[in-house]
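Structural overview for review
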Amino acid sequence: IAGITQAPTSQILAAGRRMTLRCTQDMRHNAMYWYRQDLGLGLRLIHYSNTAGTTGKGEVPDGYSVSRANTDDFPLTLASAVPSQTSVYFCASSESSGNTIYFGEGSWLTVV
Amino acid sequence: SQQGEEDPQALSIQEGENATMNCSYKTSINNLQWYRQNSGRGLVHLILIRSNEREKHSGRLRVTLDTSKKSSSLLITASRAADTASYFCAKTMDSNYQLIWGAGTKLIIKP
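Computed from a predicted structure; not experimentally measured.

1. Brief notes about the interface of chain A and chain B
Facing 22 residues of chain A, the contacting portion of chain B comprises 20 residues. Of the roughly 1,600 Å² buried between chain A and chain B, counting both surfaces, carbon and sulfur atoms make up 49%. For the chain A face of the interface with chain B, the top three residues by lost area are Leu43, Gly98 and Glu105 of chain A, together amounting to 27%. Where chain A meets chain B, there are one salt bridge. Where Glu105 of chain A meets Arg41 of chain B, a salt bridge forms, and the shortest distance between an N and an O atom there is 2.5 Å. A per-element tally of the side of chain A that touches chain B places strand S5 (residues 43-49) of chain A first, with four residues. Class assignment for the residues of the side of chain A that touches chain B results in 10 nonpolar, nine polar and three charged.

Encoded structure:
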């Protein structure tokens, strides 16, 4: 059972570059999420999607965009990376919003 | 902004002792969930407790919910070194269904 697959696992990125973090789930979950986790802080929601074809802004959406063209994929794009976007990014999914969330293993991103 | 607090921020106990972590919130919830995160890994769901429930068990884990005090506790009994991790509570508010996360409790079990 794969669950949630994120790629890349880690990346060092030059400031100003565009970057897409990929996320795929095989559980046919309706809802998907992108979180960032910074040292000493809990998870902060970047963007979410309650169902394919729809997306919404979370707590910290600025500098990020998402798309949900189908049920399985939910890529996160940094249009022009900045050092403050250095973080661990977690993709997650749930059967529907508010239910148990299943997480990927994270993508460690360093912007220099 | 995140609603509520978790305490303690860090907890260090001897193996075999019980560990209790608390989570508070400010507005009505639909449900509250506890997750565990091992260092460098994704979060793993432990228990979901609904607003009309008061207690749930799963193995050595016991979660209680007191809606009058707007608080929840996670008890790990007979702790093991492998329980060393960070534990997070997440609340689903009545107003929407997005989870609101606390900053977590870092639990260290000393062998």
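Still to come is the rest of the account.
2. Quick word on the packing of aromatic side chains
Residues and elements named next belong to chain A. Counted by the stated rule, this structure contains eight aromatic pairs over all chains. Ring geometry for Tyr35 against Phe103: centres 5.9 Å apart, planes inclined by 35°, an arrangement best described as tilted. Taken as a pair, Tyr35 in strand S4 (residues 31-37) and Phe103 in strand S10 (residues 102-103) lie far apart in primary sequence, 68 residues in all. Of the two residues, Tyr35 and Phe103, both sit in the buried class. You can call Tyr35 buried: its relative accessible area is 0%.

3. So, the nonpolar core
Counting residues in hydrophobic clusters, the biggest one holds 22 residues, and the most contacted among them are Met21, Leu32, Trp34, Leu74, Ile76, Tyr87 and Leu107 of chain B. Where this core is concerned, the elements lending two or more residues are strand S2 (10-14), strand S3 (19-24), strand S4 (29-37), strand S5 (43-50), strand S7 (61-66), strand S8 (71-76), strand S9 (85-93) and strand S11 (105-110) of chain B. Considering every element that reaches this core, the biggest residue donor is S9 of chain B, with four residues. In contact with Leu32 of chain B, not counting residues within four places along its chain, are Cys23, Tyr25, Ile47, Leu48, Ile49, Leu65, Ser72, Cys89, Ala90 and Lys91 of chain B. With 18 residues, the next largest nonpolar core counts Leu13, Leu21, Val66 and Leu76 of chain A among its residues.

4. What about the pattern of salt bridges?
Residues and elements named next belong to chain A. All chains considered together, the criterion is met by seven salt bridges over all chains. Here Asp72 and Arg28 are joined by a salt bridge, their closest N and O atoms 2.9 Å apart. Of this pair, Asp72 sits in the loop between strand S7 (64-66) and strand S8 (76-78) while Arg28 sits in the loop between strand S3 (19-25) and S4, and the two are 44 residues apart along the sequence. We classify Asp72 as partly exposed; its relative accessible area is 24%. For Arg28, a relative accessible area of 55% translates into the label exposed. Here the salt bridges do not stand alone but share partners, grouping Arg36, Asp38 and Arg44 into one network.

5. Examining the pairing of S5 of chain A
All names here are of chain A. For S5, the buried fraction is high: six of the seven residues fall into the buried class. As defined by bridge partners, S4 adjoins S5 across six bridges and the pair is classed as antiparallel. Across the sheet, the residue bridging to Arg36 is Arg44, located in S5. Note that S5 and strand S6 (residues 56-57) share two bridges and pair antiparallel. By the bridge assignment for S6, Tyr48 is matched with Gly56. Hairpin geometry of S5 and S6 is characterised by an intervening segment of six residues between the two adjacent antiparallel strands and by a positive phi of about 95° at Gly53.

Cut-off values and rules
- Residues numbered from 1 in each chain as written.
- Chains lettered and ligands numbered in written order.
- Predicted model: local features only at pLDDT ≥ 70, side-chain atom pairs only at ≥ 80, totals over all residues.
- Heavy atoms only, no water.
- Contact = heavy atoms within 4.5 Å.
- Buried area = accessible area lost by both parts, 1.4 Å probe.
- Salt bridge = Lys/Arg side-chain N within 4 Å of Asp/Glu carboxyl O.
- Helix = DSSP H or I, 4+ residues; strand = E, 2+ residues; numbered from the N terminus.
- Nonpolar A, V, L, I, M, F, W, Y, C, P; charged D, E, K, R; others polar.
- Phe/Tyr/Trp six-rings, centres within 6.5 Å; stacked < 30°, edge-to-face > 60°.
- Buried < 20%, exposed > 50% of the residue type's maximum accessible area, 1.4 Å probe, protein only.
- Core = buried A, V, L, I, M, F, W, Y, C linked by side-chain atoms within 4.5 Å.
- Pairing = 2+ DSSP bridges.

Keep in mind these numbers describe shape, not what the thing actually does.
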